[in-house]
Amino acid sequence: MKRTKINILLALEKTPGEIIIKGWVRTRRNSKEFCFMEINDGSCLKNIQIIANKDLENYSDIETITTGTSIAVEGRLVESPGKGQKWEIQVSKIEIINMAQDSYPLQKKRHSDEFLRTIAHLRPRTNKYGAVFRLRSEMAFAIHKFYKEKGFRYLTAPLITGSDAEGAGEMFRVTGLDPEKVKKQGKMDFKEDFFGQESNLTVSGQLSGEMFALALGDVYTFGPTFRAENSNTSRHAAEFWMLEPEMAFCDLKENMDHGEELVKYLTQHAINECHEDMNLFTSFVDKSLPKLFDILLNTEFGRISYTQAIEILLKSKQKFEFPVEYGTDLQSEHERFLAEIYFKKPVFLTDYPKEIKPFYMRMNDDEKTVAAVDLLVPRIGELIGGSQREERLSVLEKRMEEMNLPMEDYWWYLDSRKFGSAPHSGFGLGFERFLMMITGINNIRDVIPFPRTPGSIDF
RNA sequence: UCCCCAGUAGCUCAGUUGGCAGAGCAAUUGGCUGUUAACCAAUGGGUCCGCGGUUCAAGUCCGUGCUGGGGAGCCA
(Lines give C-alpha, C1' and ligand atoms only; values in the text may rest on other atoms or scores of the structure.)
Protein backbone atom coordinates (compact mmCIF):
# COMPACT_ATOMS: atom_id res chain seq x y z
CA MET A 1 0.00 0.00 0.00
CA LYS A 2 1.25 3.48 -0.91
CA ARG A 3 1.36 6.25 1.64
CA THR A 4 -1.32 8.91 1.53
CA LYS A 5 -0.40 12.49 2.22
CA ILE A 6 -2.09 14.13 5.16
CA ASN A 7 -3.59 17.01 3.17
CA ILE A 8 -5.41 14.42 1.04
CA LEU A 9 -6.69 12.50 4.08
CA LEU A 10 -7.96 15.59 5.87
CA ALA A 11 -9.95 16.67 2.84
CA LEU A 12 -11.81 13.34 2.53
CA GLU A 13 -15.59 13.21 2.96
CA LYS A 14 -15.69 9.54 3.90
CA THR A 15 -13.13 7.09 5.14
CA PRO A 16 -11.19 4.93 2.69
CA GLY A 17 -10.58 2.43 5.53
CA GLU A 18 -7.00 1.23 5.86
CA ILE A 19 -4.29 3.74 5.00
CA ILE A 20 -0.56 4.38 5.45
CA ILE A 21 0.94 7.73 6.37
CA LYS A 22 4.55 8.74 6.92
CA GLY A 23 5.70 11.88 8.68
CA TRP A 24 7.21 13.50 11.74
CA VAL A 25 5.81 13.50 15.27
CA ARG A 26 4.90 16.97 16.49
CA THR A 27 3.65 15.95 19.94
CA ARG A 28 2.83 12.86 21.94
CA ARG A 29 0.39 12.53 24.86
CA ASN A 30 0.54 9.33 26.84
CA SER A 31 -2.31 7.56 28.62
CA LYS A 32 -2.21 4.34 30.58
CA GLU A 33 -3.85 2.28 27.86
CA PHE A 34 -2.86 4.22 24.71
CA CYS A 35 -1.18 7.36 23.46
CA PHE A 36 -2.07 10.18 21.14
CA MET A 37 0.35 11.59 18.61
CA GLU A 38 0.08 14.44 16.15
CA ILE A 39 1.80 13.72 12.84
CA ASN A 40 2.82 16.26 10.25
CA ASP A 41 4.18 15.34 6.83
CA GLY A 42 4.65 18.83 5.40
CA SER A 43 1.85 18.48 2.88
CA CYS A 44 -0.22 20.99 4.79
CA LEU A 45 -0.26 23.05 7.94
CA LYS A 46 -2.49 20.66 9.88
CA ASN A 47 -1.39 17.56 11.73
CA ILE A 48 -3.33 14.33 11.86
CA GLN A 49 -4.00 12.71 15.23
CA ILE A 50 -3.22 9.04 15.65
CA ILE A 51 -4.16 6.74 18.54
CA ALA A 52 -1.80 3.89 19.38
CA ASN A 53 -3.15 1.23 21.76
CA LYS A 54 -1.10 -0.58 24.37
CA ASP A 55 -1.52 -3.94 22.62
CA LEU A 56 0.79 -2.93 19.76
CA GLU A 57 3.85 -5.19 19.84
CA ASN A 58 6.39 -2.33 20.01
CA TYR A 59 4.34 -0.20 22.41
CA SER A 60 7.20 0.16 24.89
CA ASP A 61 9.14 1.92 22.13
CA ILE A 62 6.11 3.88 20.93
CA GLU A 63 5.44 5.46 24.31
CA THR A 64 8.95 6.94 24.31
CA ILE A 65 8.71 8.52 20.85
CA THR A 66 10.08 12.06 20.93
CA THR A 67 9.07 15.21 19.10
CA GLY A 68 10.66 15.23 15.66
CA THR A 69 10.79 11.44 15.23
CA SER A 70 10.00 10.11 11.76
CA ILE A 71 7.48 7.28 11.66
CA ALA A 72 5.37 5.22 9.27
CA VAL A 73 1.82 4.52 10.43
CA GLU A 74 -0.62 1.90 9.23
CA GLY A 75 -4.17 2.09 10.41
CA ARG A 76 -7.79 2.93 9.81
CA LEU A 77 -9.03 6.46 9.18
CA VAL A 78 -12.01 7.01 11.48
CA GLU A 79 -14.12 9.94 12.55
CA SER A 80 -12.69 11.42 15.72
CA PRO A 81 -14.89 11.32 18.82
CA GLY A 82 -12.77 14.09 20.34
CA LYS A 83 -13.07 17.79 19.74
CA GLY A 84 -10.72 19.69 17.44
CA GLN A 85 -10.40 17.32 14.50
CA LYS A 86 -12.68 15.55 12.07
CA TRP A 87 -10.47 12.54 11.35
CA GLU A 88 -8.01 10.47 13.31
CA ILE A 89 -6.17 7.21 12.72
CA GLN A 90 -6.65 4.06 14.80
CA VAL A 91 -3.21 2.54 14.50
CA SER A 92 -2.55 -1.08 13.64
CA LYS A 93 1.22 -0.73 13.15
CA ILE A 94 3.88 1.92 13.78
CA GLU A 95 7.36 1.72 12.34
CA ILE A 96 9.81 4.09 13.99
CA ILE A 97 12.01 5.20 11.11
CA ASN A 98 14.37 7.42 13.08
CA MET A 99 13.98 8.52 16.67
CA ALA A 100 14.79 12.21 17.16
CA GLN A 101 17.49 12.65 19.80
CA ASP A 102 16.78 14.41 23.10
CA SER A 103 18.63 17.48 21.90
CA TYR A 104 16.06 18.19 19.15
CA PRO A 105 15.88 21.97 19.39
CA LEU A 106 12.29 22.53 18.25
CA GLN A 107 9.75 22.56 21.01
CA LYS A 108 6.00 22.55 21.18
CA LYS A 109 5.93 26.24 21.86
CA ARG A 110 6.72 29.41 19.98
CA HIS A 111 10.33 30.16 19.19
CA SER A 112 11.71 33.55 18.30
CA ASP A 113 12.46 34.22 14.62
CA GLU A 114 16.04 35.09 15.62
CA PHE A 115 16.57 31.68 17.23
CA LEU A 116 15.00 29.87 14.28
CA ARG A 117 17.41 31.64 11.92
CA THR A 118 20.24 29.92 13.78
CA ILE A 119 18.62 26.56 12.92
CA ALA A 120 17.49 27.42 9.40
CA HIS A 121 17.88 23.75 8.45
CA LEU A 122 15.14 22.77 10.92
CA ARG A 123 12.82 25.75 10.86
CA PRO A 124 10.71 24.54 7.91
CA ARG A 125 9.43 21.92 10.39
CA THR A 126 7.61 24.63 12.33
CA ASN A 127 4.09 25.71 11.47
CA LYS A 128 5.05 29.24 10.48
CA TYR A 129 8.04 28.41 8.31
CA GLY A 130 6.30 25.42 6.77
CA ALA A 131 3.58 27.84 5.72
CA VAL A 132 6.11 30.39 4.41
CA PHE A 133 7.90 27.90 2.21
CA ARG A 134 4.78 26.20 0.92
CA LEU A 135 3.56 29.67 -0.03
CA ARG A 136 6.89 30.56 -1.63
CA SER A 137 6.68 27.45 -3.79
CA GLU A 138 3.08 28.19 -4.76
CA MET A 139 3.90 31.81 -5.65
CA ALA A 140 6.80 30.79 -7.89
CA PHE A 141 4.38 28.50 -9.69
CA ALA A 142 1.80 31.32 -9.91
CA ILE A 143 4.34 33.59 -11.62
CA HIS A 144 4.90 31.02 -14.36
CA LYS A 145 1.16 30.41 -14.63
CA PHE A 146 0.42 34.13 -15.00
CA TYR A 147 2.96 34.53 -17.78
CA LYS A 148 1.95 31.32 -19.53
CA GLU A 149 -1.63 32.57 -19.63
CA LYS A 150 -0.48 35.91 -21.06
CA GLY A 151 1.63 34.32 -23.80
CA PHE A 152 5.01 35.37 -22.40
CA ARG A 153 8.16 33.31 -22.94
CA TYR A 154 10.33 32.29 -20.02
CA LEU A 155 13.91 33.43 -20.50
CA THR A 156 16.69 31.93 -18.41
CA ALA A 157 19.21 34.75 -18.36
CA PRO A 158 22.84 33.96 -17.53
CA LEU A 159 23.92 34.18 -13.90
CA ILE A 160 27.57 34.81 -14.78
CA THR A 161 28.00 38.01 -16.67
CA GLY A 162 30.86 39.82 -18.36
CA SER A 163 29.41 43.29 -18.23
CA ASP A 164 30.28 45.06 -15.01
CA ALA A 165 28.39 48.33 -15.30
CA GLU A 166 24.72 47.50 -15.27
CA GLY A 167 24.35 50.16 -12.63
CA ALA A 168 22.36 48.05 -10.19
CA GLY A 169 24.93 47.82 -7.43
CA GLU A 170 28.13 46.14 -6.31
CA MET A 171 28.82 42.76 -7.88
CA PHE A 172 30.32 39.53 -6.69
CA ARG A 173 33.42 38.65 -8.70
CA VAL A 174 33.63 35.25 -10.32
CA THR A 175 37.14 34.02 -10.82
CA GLY A 176 39.09 30.82 -11.23
CA LEU A 177 42.44 32.49 -10.56
CA ASP A 178 44.66 30.92 -7.93
CA PRO A 179 44.73 33.24 -4.89
CA GLU A 180 48.37 32.34 -4.18
CA LYS A 181 49.39 33.34 -7.70
CA VAL A 182 47.40 36.58 -7.50
CA LYS A 183 49.16 37.38 -4.24
CA LYS A 184 52.55 36.76 -5.82
CA GLN A 185 51.79 38.86 -8.91
CA GLY A 186 50.19 41.56 -6.80
CA LYS A 187 47.23 41.87 -9.18
CA MET A 188 44.54 39.80 -10.87
CA ASP A 189 45.39 39.12 -14.49
CA PHE A 190 41.97 38.58 -16.01
CA LYS A 191 43.44 37.62 -19.38
CA GLU A 192 44.60 34.49 -17.57
CA ASP A 193 41.21 33.91 -15.99
CA PHE A 194 38.61 31.36 -17.10
CA PHE A 195 36.70 33.73 -19.38
CA GLY A 196 39.72 35.79 -20.39
CA GLN A 197 38.15 38.87 -18.84
CA GLU A 198 36.48 40.07 -15.66
CA SER A 199 33.30 38.26 -14.80
CA ASN A 200 30.67 38.68 -12.09
CA LEU A 201 27.44 37.24 -10.77
CA THR A 202 24.44 38.93 -12.32
CA VAL A 203 22.67 41.83 -10.63
CA SER A 204 19.82 41.82 -13.14
CA GLY A 205 18.66 39.89 -16.18
CA GLN A 206 17.30 43.03 -17.75
CA LEU A 207 19.73 43.54 -20.61
CA SER A 208 19.28 39.91 -21.68
CA GLY A 209 15.55 40.40 -21.30
CA GLU A 210 15.58 43.38 -23.63
CA MET A 211 17.36 41.40 -26.35
CA PHE A 212 14.78 38.64 -26.16
CA ALA A 213 11.79 40.97 -25.91
CA LEU A 214 12.97 42.44 -29.20
CA ALA A 215 12.83 38.96 -30.70
CA LEU A 216 10.13 36.95 -28.93
CA GLY A 217 7.89 39.88 -28.02
CA ASP A 218 7.04 39.40 -24.36
CA VAL A 219 9.45 37.59 -22.06
CA TYR A 220 10.24 37.29 -18.39
CA THR A 221 13.16 36.11 -16.33
CA PHE A 222 12.71 34.69 -12.86
CA GLY A 223 15.73 33.56 -10.93
CA PRO A 224 18.41 34.41 -8.43
CA THR A 225 20.19 37.75 -8.42
CA PHE A 226 23.29 38.76 -6.49
CA ARG A 227 24.29 42.03 -4.89
CA ALA A 228 27.53 42.53 -2.99
CA GLU A 229 26.25 45.70 -1.32
CA ASN A 230 27.04 45.81 2.38
CA SER A 231 23.36 46.29 3.18
CA ASN A 232 22.41 45.45 6.74
CA THR A 233 18.65 45.78 6.69
CA SER A 234 15.60 43.57 7.00
CA ARG A 235 14.76 44.17 3.34
CA HIS A 236 18.04 43.26 1.61
CA ALA A 237 19.87 40.03 0.92
CA ALA A 238 23.01 39.29 -1.05
CA GLU A 239 21.17 36.55 -2.95
CA PHE A 240 17.53 37.06 -3.77
CA TRP A 241 15.05 36.15 -6.47
CA MET A 242 13.79 38.64 -8.96
CA LEU A 243 11.03 38.53 -11.53
CA GLU A 244 11.77 40.67 -14.58
CA PRO A 245 9.20 40.94 -17.35
CA GLU A 246 10.25 42.77 -20.52
CA MET A 247 7.69 43.70 -23.15
CA ALA A 248 8.14 44.90 -26.72
CA PHE A 249 5.88 47.64 -28.08
CA CYS A 250 5.02 48.63 -24.54
CA ASP A 251 5.13 52.10 -23.02
CA LEU A 252 5.36 53.23 -19.41
CA LYS A 253 1.60 53.26 -18.82
CA GLU A 254 1.21 49.72 -20.14
CA ASN A 255 4.17 48.73 -18.01
CA MET A 256 2.33 49.99 -14.90
CA ASP A 257 -0.92 48.32 -15.99
CA HIS A 258 1.02 45.08 -16.25
CA GLY A 259 2.63 45.49 -12.81
CA GLU A 260 -0.68 46.19 -11.16
CA GLU A 261 -2.35 43.23 -12.86
CA LEU A 262 0.54 40.99 -11.76
CA VAL A 263 0.40 42.03 -8.10
CA LYS A 264 -3.38 41.55 -8.03
CA TYR A 265 -3.11 38.14 -9.72
CA LEU A 266 -0.44 36.83 -7.37
CA THR A 267 -2.29 38.09 -4.29
CA GLN A 268 -5.52 36.47 -5.43
CA HIS A 269 -3.67 33.25 -6.19
CA ALA A 270 -2.17 33.16 -2.69
CA ILE A 271 -5.57 33.65 -1.10
CA ASN A 272 -7.21 31.01 -3.31
CA GLU A 273 -4.53 28.33 -3.25
CA CYS A 274 -2.92 28.78 0.18
CA HIS A 275 -5.96 29.49 2.24
CA GLU A 276 -4.89 27.62 5.37
CA ASP A 277 -1.31 28.90 5.40
CA MET A 278 -2.46 32.45 4.71
CA ASN A 279 -4.82 32.22 7.68
CA LEU A 280 -1.83 31.46 9.89
CA PHE A 281 -0.18 34.71 8.81
CA THR A 282 -3.37 36.64 9.49
CA SER A 283 -3.76 35.06 12.92
CA PHE A 284 -0.18 35.03 14.16
CA VAL A 285 1.91 37.45 12.11
CA ASP A 286 -0.18 40.44 11.08
CA LYS A 287 -3.85 40.78 11.86
CA SER A 288 -4.27 43.64 9.41
CA LEU A 289 -3.51 41.47 6.36
CA PRO A 290 -7.17 41.08 5.25
CA LYS A 291 -7.39 44.85 5.03
CA LEU A 292 -4.26 44.93 2.89
CA PHE A 293 -5.63 42.23 0.59
CA ASP A 294 -8.85 44.22 0.16
CA ILE A 295 -6.79 47.25 -0.87
CA LEU A 296 -4.51 45.27 -3.19
CA LEU A 297 -7.39 43.52 -4.93
CA ASN A 298 -10.14 46.14 -4.98
CA THR A 299 -8.54 49.55 -5.37
CA GLU A 300 -6.69 51.08 -8.27
CA PHE A 301 -3.08 51.78 -7.39
CA GLY A 302 -2.09 55.43 -7.21
CA ARG A 303 -0.10 56.90 -10.08
CA ILE A 304 1.81 60.16 -9.79
CA SER A 305 4.97 61.66 -11.17
CA TYR A 306 8.07 62.26 -9.12
CA THR A 307 7.42 66.00 -9.45
CA GLN A 308 3.88 65.62 -8.07
CA ALA A 309 5.24 63.50 -5.24
CA ILE A 310 7.68 66.26 -4.29
CA GLU A 311 4.81 68.76 -4.25
CA ILE A 312 2.69 66.50 -2.03
CA LEU A 313 5.59 66.03 0.38
CA LEU A 314 6.36 69.75 0.50
CA LYS A 315 2.73 70.63 1.13
CA SER A 316 2.28 67.96 3.81
CA LYS A 317 2.44 68.98 7.44
CA GLN A 318 4.51 65.88 8.14
CA LYS A 319 7.88 66.44 9.81
CA PHE A 320 10.68 64.62 8.03
CA GLU A 321 14.17 63.91 9.26
CA PHE A 322 15.54 64.60 5.78
CA PRO A 323 14.47 67.64 3.75
CA VAL A 324 12.31 67.17 0.66
CA GLU A 325 14.10 68.54 -2.35
CA TYR A 326 13.57 68.26 -6.10
CA GLY A 327 16.40 66.43 -7.79
CA THR A 328 17.34 63.97 -5.06
CA ASP A 329 16.00 60.49 -4.54
CA LEU A 330 13.20 60.07 -2.04
CA GLN A 331 14.16 58.88 1.42
CA SER A 332 12.51 55.84 3.01
CA GLU A 333 10.44 58.08 5.25
CA HIS A 334 9.14 59.99 2.21
CA GLU A 335 8.19 56.79 0.41
CA ARG A 336 6.45 55.46 3.48
CA PHE A 337 4.53 58.68 3.93
CA LEU A 338 3.25 58.49 0.35
CA ALA A 339 2.22 54.83 0.44
CA GLU A 340 1.10 54.50 4.07
CA ILE A 341 -0.31 57.87 5.04
CA TYR A 342 -1.15 59.90 1.95
CA PHE A 343 -2.42 57.25 -0.49
CA LYS A 344 -2.92 54.38 1.98
CA LYS A 345 -2.37 51.98 -0.93
CA PRO A 346 0.33 51.02 -3.44
CA VAL A 347 1.40 53.95 -5.58
CA PHE A 348 3.42 54.16 -8.79
CA LEU A 349 5.92 57.00 -8.96
CA THR A 350 7.06 57.92 -12.47
CA ASP A 351 9.33 60.27 -14.38
CA TYR A 352 12.29 60.73 -12.09
CA PRO A 353 15.09 63.22 -12.77
CA LYS A 354 17.56 61.62 -15.18
CA GLU A 355 20.48 62.27 -12.82
CA ILE A 356 19.33 59.69 -10.29
CA LYS A 357 18.45 56.91 -12.74
CA PRO A 358 20.47 54.53 -14.96
CA PHE A 359 21.44 55.09 -18.59
CA TYR A 360 18.91 52.79 -20.23
CA MET A 361 15.77 54.63 -19.13
CA ARG A 362 13.94 56.53 -21.85
CA MET A 363 14.42 60.30 -21.95
CA ASN A 364 11.19 62.25 -21.64
CA ASP A 365 10.39 65.21 -23.91
CA ASP A 366 11.35 67.66 -21.15
CA GLU A 367 14.89 66.24 -21.40
CA LYS A 368 15.11 66.46 -17.60
CA THR A 369 13.24 63.37 -16.53
CA VAL A 370 13.22 59.74 -17.66
CA ALA A 371 10.39 57.25 -18.03
CA ALA A 372 11.15 55.42 -14.79
CA VAL A 373 8.60 53.82 -12.51
CA ASP A 374 8.76 52.56 -8.94
CA LEU A 375 5.89 50.88 -7.13
CA LEU A 376 5.83 51.83 -3.47
CA VAL A 377 3.77 49.65 -1.17
CA PRO A 378 2.89 50.14 2.49
CA ARG A 379 5.36 48.63 4.98
CA ILE A 380 7.74 47.28 2.29
CA GLY A 381 8.69 50.35 0.29
CA GLU A 382 9.89 49.67 -3.24
CA LEU A 383 8.37 46.45 -4.56
CA ILE A 384 8.87 47.13 -8.26
CA GLY A 385 11.45 49.20 -10.09
CA GLY A 386 11.32 49.60 -13.86
CA SER A 387 11.14 51.85 -16.85
CA GLN A 388 10.39 52.32 -20.47
CA ARG A 389 13.76 51.70 -22.13
CA GLU A 390 15.54 54.15 -24.38
CA GLU A 391 15.01 52.72 -27.87
CA ARG A 392 16.53 55.64 -29.84
CA LEU A 393 20.16 54.90 -30.66
CA SER A 394 21.42 58.49 -30.72
CA VAL A 395 19.76 59.40 -27.43
CA LEU A 396 21.04 56.23 -25.79
CA GLU A 397 24.61 56.85 -26.98
CA LYS A 398 24.48 60.42 -25.73
CA ARG A 399 23.36 59.23 -22.28
CA MET A 400 26.11 56.62 -22.13
CA GLU A 401 28.68 59.24 -23.04
CA GLU A 402 27.40 61.57 -20.33
CA MET A 403 27.71 58.77 -17.81
CA ASN A 404 31.15 57.66 -19.02
CA LEU A 405 30.09 54.11 -19.85
CA PRO A 406 32.42 52.02 -22.03
CA MET A 407 30.38 51.91 -25.23
CA GLU A 408 32.45 49.07 -26.73
CA ASP A 409 31.41 46.70 -23.94
CA TYR A 410 27.79 47.29 -24.87
CA TRP A 411 28.14 46.75 -28.63
CA TRP A 412 25.57 43.97 -28.57
CA TYR A 413 23.13 46.04 -26.51
CA LEU A 414 23.48 48.96 -28.93
CA ASP A 415 22.98 46.58 -31.87
CA SER A 416 19.39 46.10 -30.74
CA ARG A 417 18.84 49.82 -31.35
CA LYS A 418 20.25 49.58 -34.85
CA PHE A 419 18.31 46.65 -36.21
CA GLY A 420 14.57 47.14 -35.84
CA SER A 421 14.61 48.94 -32.51
CA ALA A 422 11.20 49.33 -30.90
CA PRO A 423 9.70 50.89 -27.80
CA HIS A 424 9.82 48.44 -24.93
CA SER A 425 9.42 48.40 -21.18
CA GLY A 426 9.93 46.20 -18.18
CA PHE A 427 10.55 46.06 -14.49
CA GLY A 428 11.98 44.00 -11.67
CA LEU A 429 9.87 42.70 -8.82
CA GLY A 430 11.62 41.50 -5.69
CA PHE A 431 10.13 38.06 -5.03
CA GLU A 432 11.02 38.06 -1.32
CA ARG A 433 9.61 41.53 -0.86
CA PHE A 434 6.35 40.36 -2.39
CA LEU A 435 6.32 37.43 0.02
CA MET A 436 7.01 39.79 2.93
CA MET A 437 4.09 41.93 1.84
CA ILE A 438 1.49 39.17 1.69
CA THR A 439 2.68 37.29 4.80
CA GLY A 440 3.25 40.29 7.05
CA ILE A 441 6.74 38.96 7.80
CA ASN A 442 9.13 41.81 8.51
CA ASN A 443 12.53 40.30 7.79
CA ILE A 444 13.66 39.12 4.35
CA ARG A 445 15.75 36.42 6.07
CA ASP A 446 12.52 34.73 7.07
CA VAL A 447 11.12 34.25 3.57
CA ILE A 448 14.32 32.79 2.04
CA PRO A 449 15.16 29.14 2.80
CA PHE A 450 18.81 29.84 3.58
CA PRO A 451 19.45 33.58 3.57
CA ARG A 452 22.76 35.10 2.50
CA THR A 453 23.52 38.45 4.10
CA PRO A 454 26.75 40.31 4.93
CA GLY A 455 28.82 38.11 7.24
CA SER A 456 26.38 35.24 7.12
CA ILE A 457 26.45 32.22 4.81
CA ASP A 458 25.72 29.30 7.15
CA PHE A 459 23.90 26.25 5.83
C1' U B 1 29.36 51.61 6.37
C1' C B 2 26.77 54.87 10.23
C1' C B 3 23.26 55.46 14.62
C1' C B 4 20.47 52.99 18.63
C1' C B 5 19.31 48.54 21.64
C1' A B 6 20.39 43.68 23.47
C1' G B 7 23.46 39.15 24.95
C1' U B 8 21.80 35.12 32.06
C1' A B 9 19.87 27.07 31.79
C1' G B 10 18.28 23.63 25.39
C1' C B 11 14.14 27.80 24.55
C1' U B 12 11.49 32.41 26.42
C1' C B 13 12.80 35.60 30.06
C1' A B 14 13.23 37.79 35.54
C1' G B 15 17.35 39.20 38.54
C1' U B 16 15.73 45.46 43.14
C1' U B 17 20.72 50.13 45.67
C1' G B 18 26.96 46.25 43.47
C1' G B 19 26.08 41.47 48.43
C1' C B 20 24.21 33.12 48.08
C1' A B 21 22.12 32.13 40.17
C1' G B 22 16.00 32.23 39.52
C1' A B 23 10.92 31.06 36.98
C1' G B 24 8.00 28.88 33.05
C1' C B 25 8.58 25.66 29.04
C1' A B 26 11.85 21.61 27.18
C1' A B 27 14.70 17.03 28.89
C1' U B 28 14.82 12.66 32.39
C1' U B 29 11.87 9.55 36.01
C1' G B 30 7.15 8.38 38.01
C1' G B 31 1.72 9.24 38.31
C1' C B 32 -3.07 10.37 36.05
C1' U B 33 -6.52 11.26 32.17
C1' G B 34 -10.33 10.34 24.78
C1' U B 35 -6.05 13.76 25.15
C1' U B 36 -5.77 18.87 22.18
C1' A B 37 1.08 23.65 23.05
C1' A B 38 -2.77 17.84 27.96
C1' C B 39 -2.18 17.77 33.35
C1' C B 40 0.47 16.65 38.40
C1' A B 41 5.09 15.53 41.11
C1' A B 42 10.32 14.74 41.50
C1' U B 43 15.27 15.10 39.28
C1' G B 44 19.25 16.88 36.36
C1' G B 45 20.84 21.29 33.89
C1' G B 46 24.99 27.79 34.26
C1' U B 47 32.31 30.04 31.02
C1' C B 48 25.68 35.23 33.49
C1' C B 49 28.93 36.38 25.19
C1' G B 50 34.85 37.04 25.24
C1' C B 51 38.95 40.03 27.14
C1' G B 52 40.58 43.89 30.40
C1' G B 53 39.50 47.36 34.45
C1' U B 54 37.11 49.69 39.14
C1' U B 55 35.76 47.44 44.03
C1' C B 56 36.33 43.99 50.22
C1' A B 57 32.72 42.11 46.64
C1' A B 58 30.55 42.58 39.54
C1' G B 59 25.20 39.06 36.07
C1' U B 60 24.82 44.33 37.80
C1' C B 61 29.56 49.81 37.03
C1' C B 62 33.56 51.36 33.13
C1' G B 63 36.49 50.23 28.50
C1' U B 64 36.98 47.10 24.37
C1' G B 65 35.92 43.11 20.96
C1' C B 66 32.36 39.60 19.01
C1' U B 67 27.35 38.10 17.93
C1' G B 68 22.21 39.26 17.30
C1' G B 69 18.12 42.81 16.64
C1' G B 70 15.94 47.71 15.08
C1' G B 71 16.72 52.08 12.05
C1' A B 72 19.54 54.87 7.97
C1' G B 73 22.11 54.73 3.21
C1' C B 74 22.16 51.57 -1.38
C1' C B 75 18.28 48.96 -3.88
C1' A B 76 14.39 44.59 -5.56
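Scroll up a little and you will see the structure.
Residues numbered from 1 in each chain as written. Chains lettered and ligands numbered in written order. Predicted model: local features only at pLDDT ≥ 70, side-chain atom pairs only at ≥ 80, totals over all residues. Heavy atoms only, no water.

Now for the side chain of Lys357. Relative to the assigned elements, Lys357 resides in the loop between β12 (347–353) and β13 (369–377). When its relative accessible area of 11% is taken as the criterion, Lys357 is described as buried. If sequence neighbours within four positions are ignored, Lys357 has contacts with Tyr352, Val370, Ala372, Asp374, Arg399 and Met403. (Helix = DSSP H or I, 4+ residues; strand = E, 2+ residues; numbered from the N terminus. Buried < 20%, exposed > 50% of the residue type's maximum accessible area, 1.4 Å probe, protein only. Contact = heavy atoms within 4.5 Å.)

Their axes nearest at 9 Å, the elements helix α9 (residues 289–298) and helix α14 (residues 431–439) cross at an angle of 120°. Compared by their axis directions, α9 and α14 come out oblique. Residues Leu289, Leu292, Phe293 and Leu296 of α9 pack against Met437, Ile438 and Thr439 of α14. Residue composition of the contact of α9 with α14, grouped by class: six nonpolar, one polar and no charged. (Axes fitted to C-alpha atoms, helices over the stretch in contact; angles between N-to-C directions. Parallel < 35°, antiparallel > 145°, perpendicular 65-115°, else oblique. Nonpolar A, V, L, I, M, F, W, Y, C, P; charged D, E, K, R; others polar.)

Time to look at the packing of aromatic side chains. With the rule as written, the count across this model stands at 22 aromatic pairs. Ring centres of Phe222 and Phe431 lie 5.0 Å apart, and the angle between their planes is 85°; this geometry places the pair in the edge-to-face category. Taken together, the positions of Phe222 in strand β9 (residues 218–226) and Phe431 in helix α14 put the pair 209 residues apart, joining distant regions of the chain. Under the relative-accessibility criterion, Phe431 is labelled buried at 2%. For the pair Tyr342 and Phe343, a centre-to-centre distance of 5.1 Å together with 70° between the ring planes defines the contact as edge-to-face. For Tyr342, a relative accessible area of 45% corresponds to the partly exposed category. Among the aromatic side chains, those forming a connected cluster through ring pairs are Phe146, Tyr147, Phe152, Tyr154, Tyr220 and Tyr265. (Phe/Tyr/Trp six-rings, centres within 6.5 Å; stacked < 30°, edge-to-face > 60°.)

Residues in a regular strand project their side chains so that they alternate between the two faces of the sheet. Where strand β1 (residues 18–30) lies against strand β4 (residues 70–79), seven bridges are found, and the strand directions are antiparallel. In the sheet register, Ile19 faces β4, and the bridge partner there is Gly75. Bridge analysis of β1 against strand β2 (residues 34–40) gives six bridges, and the strand direction is antiparallel. The residue bridging Val25 from the neighbouring strand is Ile39, located in β2. Hairpin connection between β1 and β2: a loop of three residues separates the two successive antiparallel strands. (Pairing = 2+ DSSP bridges.)

A few words on the pattern of salt bridges. What the rule picks out here adds up to 24 salt bridges. With its nearest N and O atoms 3.0 Å apart, the salt bridge here joins Glu432 to Arg136. Remark: Arg136 occurs in helix α4 (residues 127–149) and Glu432 occurs in helix α14; sequence separation between them is 296 residues. Taken as a pair, Glu432 and Arg136 share a single burial class, namely buried. Glu391 is the salt-bridge partner of Arg362, the closest N and O atoms lying 2.8 Å from each other. Of this pair, Arg362 sits in the loop between β12 and β13 while Glu391 sits in the loop between β14 (381–388) and α12 (393–402), placing them 29 residues apart in sequence. A single burial state applies to Arg362 and to Glu391, both of which are buried. Three or more residues are tied together by salt bridges with common partners; here these are Lys253, Asp257, Glu260, Lys264 and Arg303. (Salt bridge = Lys/Arg side-chain N within 4 Å of Asp/Glu carboxyl O.)

What follows deals with the nonpolar core. Within the largest apolar cluster, 61 residues are counted, with the highest numbers of intra-cluster contacts made by Met139, Val263 and Met437. Here the element with the most residues in this core is α4; it accounts for 11 residues. Leu313, Phe337, Leu349 and Ala372 belong to the second largest nonpolar core, which has 31 residues in total. (Core = buried A, V, L, I, M, F, W, Y, C linked by side-chain atoms within 4.5 Å.)

Taken together, the neighbourhood of RNA strand B is formed by 51 residues, with Asn30, Ser31, Lys108, Lys109 and Thr233 sitting nearest. Counting only the atoms of RNA strand B within 4 Å of the protein, the fraction contributed by sugar and phosphate is 47%. Separating a phosphate oxygen of RNA strand B from a side-chain N or O atom of Thr27 is a distance of 2.9 Å. The side chain of Asp102 places a nitrogen or oxygen atom 3.3 Å from a phosphate oxygen of RNA strand B. (Near = heavy atom within 4 Å. Polar contact = N/O pair within 3.5 Å; in protein donor to acceptor, adjacent residues only side chain to side chain.)

Right, let's get into the sheet that holds β12. Within the open sheet, the eight strands sit side by side as β6-β9-β10-β15-β14-β13-β12-β11. Their pairing is mixed. Either end of the sheet is taken by a strand with one partner, and the two such strands are β6 (153–154) and β11 (302–305). Strand direction decides the pairing type here: β13 and β14, joined by six bridges, are antiparallel. Note that in β14 the partner of Val377 across the bridge is Gly381. Against the sheet, helix α7 (residues 252–273) touches β10 (239–248), β11, β12, β13, β14 and β15 (424–430), its axis set at about 30° to β15. Along the sheet face, helix α10 (residues 306–315) touches β11 and β12 and points at about 95° away from the line of β11.

We now examine the pairing of β2. Where burial is concerned, most of β2 is hidden: five out of the seven residues are buried. Sheet topology places β2 next to strand β3 (residues 48–53); six bridges connect them, and they run antiparallel. Its bridge partner lying in β3, Cys35 is registered against Ala52.

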